[in-house]
Amino acid sequence: MDTLAAIGADAPEIPRFDDGMVNINELVRTLAEAIVNEIMDAQAEDACAEGNQRNGYRERRLLTSVGRITLRIPKLRRGTYFPEDLIERYSRVDRAVVAAVAEMVTSGVSTRKVEKVARALGVDRMSASQVSRICESLDAAVADLRGRPLGGARFPYLWIDATYLKCRDGGHVSSCAVVTAIGAADTGHRVLLGVDSADTEDYASWRAFLLSLRERGVAGVRCVTSDAHAGLRRAIEEVFPGAAWQRCVVHLERNVCALARNRRERALLGSVMRAVFAESDPALVRELYHLAVDEIGAVSAAAGALLEEAEADALAYLDFPPAHHRRLRTNNVQERMNREIKRRANVVQVFPSRKSLIRLLGAVLSEMDEDWAARRWFTEESISEVFEDRRRWRPGRPPAYEGTAAEHAARIIAVVMADGGAVRKAA
């Protein structure tokens, strides 16, 4: 009470706006400055109880969420006094501002723009170098995300991919591959398993990345979905032996269409591919695929050969519970994450180092991972079927067609090809 009375006696007039309203933010800033300085004075007096003496003050300015305050830190004739529990040595920014700036950077605000935004928090000036130092507070969270043990659950499904960002390395700007892995845990939750950077998407880089996941506890893998990168596929076979590999059907469709000779052929091949994977009945999908190989091969021999060769890997998802087919057959979950990574990284354009790249992306992905943890992607009952006998799986929707799967597949392909018949004649 004495301290508050002293503050009240010495406090300046209550700050107000031009219209007479009380400036609450300035009032809080003034009171915070007065109280903190009074506390430091009291602590310095306690330190002088054994014959030591005060020797003036040294001023330090501190940025806080209510504005800049001036700290009058007492000096002693013998020894030193520093309020370690109040501020960190050599720091000019309190933790609230650190958290705010880190959040802005994670949300995609550029370093230069942060200075303008910080003014709204009462910060008079904040340089680009200060923002960069503040961003180092993200390192602990990112390190925890990348190094946390994963042995508490099984991960029957993995989705793996890479995206490229510009990064300054060795004195020049080059493309850096950011590799990521997402898993579906046996609890039904989606989990960000790992993120790393690599020079290129070669076998050695992929193998090192997947080994790091296994060493951290990723086990129980039944199927891995990715694009058809040869080095990645080889690494998957070695690190997760026994797991099926699902070739992303969206990437496969793009590969097939790329072999067409013109736009009209590409449209036809795309229509046939989409007709195959639009169906949910496994028997019908297999019949459609076989017919698609023949029809696409008649338009483009190279595309037909590619499709025929990819059959086992493109249809691997059909060997798993029907409820999982839609998510398992594509790498869309990775594509959506990559778009968000690109959106957040666009404001940076060129990262000054790999460390800064991992810092920002790790913070972005940590935020995603927290959102994923709040809801299940698969039900526990559904995901548990992966580890059970296939005969106990709940069946998918019953076929909604008449006759055999082969007959219905022929009707579907006939309709698709009739719509694109002019293309075949032109070819």
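Residues numbered from 1 in each chain as written. Predicted model: local features only at pLDDT ≥ 70, side-chain atom pairs only at ≥ 80, totals over all residues. Heavy atoms only, no water.

**Q** What should I look at first to understand the overall build of the protein chain in this one?
**A** Scanning the protein chain from N- to C-terminus turns up 19 helices and 8 strands. When the 427 residues of the protein chain are sorted by exposure, 46% land in the buried category. By sequence separation, contacts in the protein chain at least 24 residues apart represent 68% of the contacts at least 6 residues apart. A total accessible area of about 22300 Å² is found for the protein chain, and carbon and sulfur atoms account for 50% of it. (Helix = DSSP H or I, 4+ residues; strand = E, 2+ residues; numbered from the N terminus. Buried < 20%, exposed > 50% of the residue type's maximum accessible area, 1.4 Å probe, protein only. Contact = heavy atoms within 4.5 Å. Areas by Shrake-Rupley, 256 points an atom, 1.4 Å probe, with all protein chains shown as cover.)

**Q** Got a minute to help me understand the packing of aromatic side chains in this structure?
**A** To describe a pair of aromatic rings, you give the distance between the ring centres and the angle between the ring planes. For the structure on display, the rule yields 7 aromatic pairs. For the ring pair W206 and F209, a centre distance of 6.3 Å and an interplane angle of 65° mean the geometry is edge-to-face. Taken together, the residues W206 and F209, both in helix α7 (residues 203-215) and 3 residues apart, mark about one turn of the helix. When its relative accessible area of 1% is taken as the criterion, W206 is described as buried. Each residue in the set Y157, W159, F320, W377 and F378 is aromatic and connected to the rest through ring pairs, giving one cluster. (Phe/Tyr/Trp six-rings, centres within 6.5 Å; stacked < 30°, edge-to-face > 60°.)

**Q** Even after reading the chapter, I still don't get the nonpolar core, so can you show me in this structure?
**A** As a rule of thumb, soluble globular proteins bury nonpolar side chains together. In terms of nonpolar packing, the biggest core is built from 67 residues, with Y157, L252, V256, F277, Y289, I296 and L307 touching the most fellow members. Listed in part, the 26 residues of the second largest apolar core include I160, L193, W206 and L232. (Core = buried A, V, L, I, M, F, W, Y, C linked by side-chain atoms within 4.5 Å.)

**Q** Teacher, can you tell me more about the pattern of salt bridges here?
**A** Between side chains of opposite charge, pairing is possible as soon as their charged atoms come close. Per the stated rule, a full pass over the model turns up 15 salt bridges. Salt-bridge contacts for R29 lead to E33; the nearest nitrogen and oxygen are separated by 3.5 Å. In this pair, R29 and E33 are both assigned in helix α2 (residues 24-47), 4 residues apart and thus about one turn of the helix distant. Exposure class is identical for R29 and E33. Each is buried. What emerges from the salt-bridge pattern is a single network uniting E26, R29 and E33. (Salt bridge = Lys/Arg side-chain N within 4 Å of Asp/Glu carboxyl O.)

**Q** Where do I start with α2 in this structure?
**A** Residues that lie three or four places apart on an α-helix share one face, since the helix turns once every 3.6 residues. Between the first and last C-alpha of α2 there are 35 Å, a value that for 24 residues agrees with the 34 Å anticipated at 1.5 Å per step. All of the buried residues in α2 are R29, T30, E33, V36, N37, M40, D41 and A44. Against β1 (54-64) and β2 (67-76) lie the buried residues of α2. (Expected span 1.5 Å × (residues − 1).)

**Q** What exactly am I supposed to notice about the pairing of strand β5 (residues 190-198) here?
**A** Two faces, one strand: in a regular strand the side chains alternate between the faces of the sheet. Counting buried residues along β5, 8 of its 9 residues qualify, which places the element largely inside the surrounding structure. Both strand β4 (residues 172-184) and β5 contribute to a ladder of 8 bridges, which runs antiparallel. What sits directly across from V179, in β5, is D196. In textbook terms, the turn of a hairpin is the stretch between consecutive antiparallel strands, and for β4 and β5 this stretch comprises 5 residues, one of which, G188, has a positive phi near 95°. (Pairing = 2+ DSSP bridges.)

**Q** Sorry, what's going on with helix α8 (residues 230-239) here?
**A** Along α8, the positions that sit buried rather than exposed are G231, L232, A235, I236 and V239. In a view along the axis of α8, the buried residues occupy a sector of 135°, so they form one face of it. Considering only its buried residues, α8 is in contact with β3 (157-169), α7, β6 (223-226) and β7 (244-247). (Arc of directions from axis to C-beta.)

**Q** Where do I start with a nonpolar patch on the surface in this structure?
**A** Where nonpolar side chains cluster on the molecular surface, the patch consists of L31, I35 and I39 and spans about 230 Å² of accessible area. Of note, I39 is situated in helix α2. (Patch = residues over 30% accessible without salt bridge, like charges linked within 9 Å, V, L, I, M, F, W, Y side chains within 5 Å.)

**Q** I'm lost on the packing of helix α10 (residues 263-277) against helix α11 (residues 282-299) in this one. Help?
**A** If you want to describe how two helices pack, look at the angle between their axes and the distance between the axes. Across the interface, α10 lies against α11 with an axial gap of 8 Å and an inter-helix angle of 170°. By the angle between their axes, α10 is roughly antiparallel relative to α11. Side by side, α10 and α11 meet where E265, L268, L269, V272, M273, A275, V276 and F277 of the first sit next to V285, L288, Y289, A292, I296 and V299 of the second. (Axes fitted to C-alpha atoms, helices over the stretch in contact; angles between N-to-C directions. Parallel < 35°, antiparallel > 145°, perpendicular 65-115°, else oblique.)

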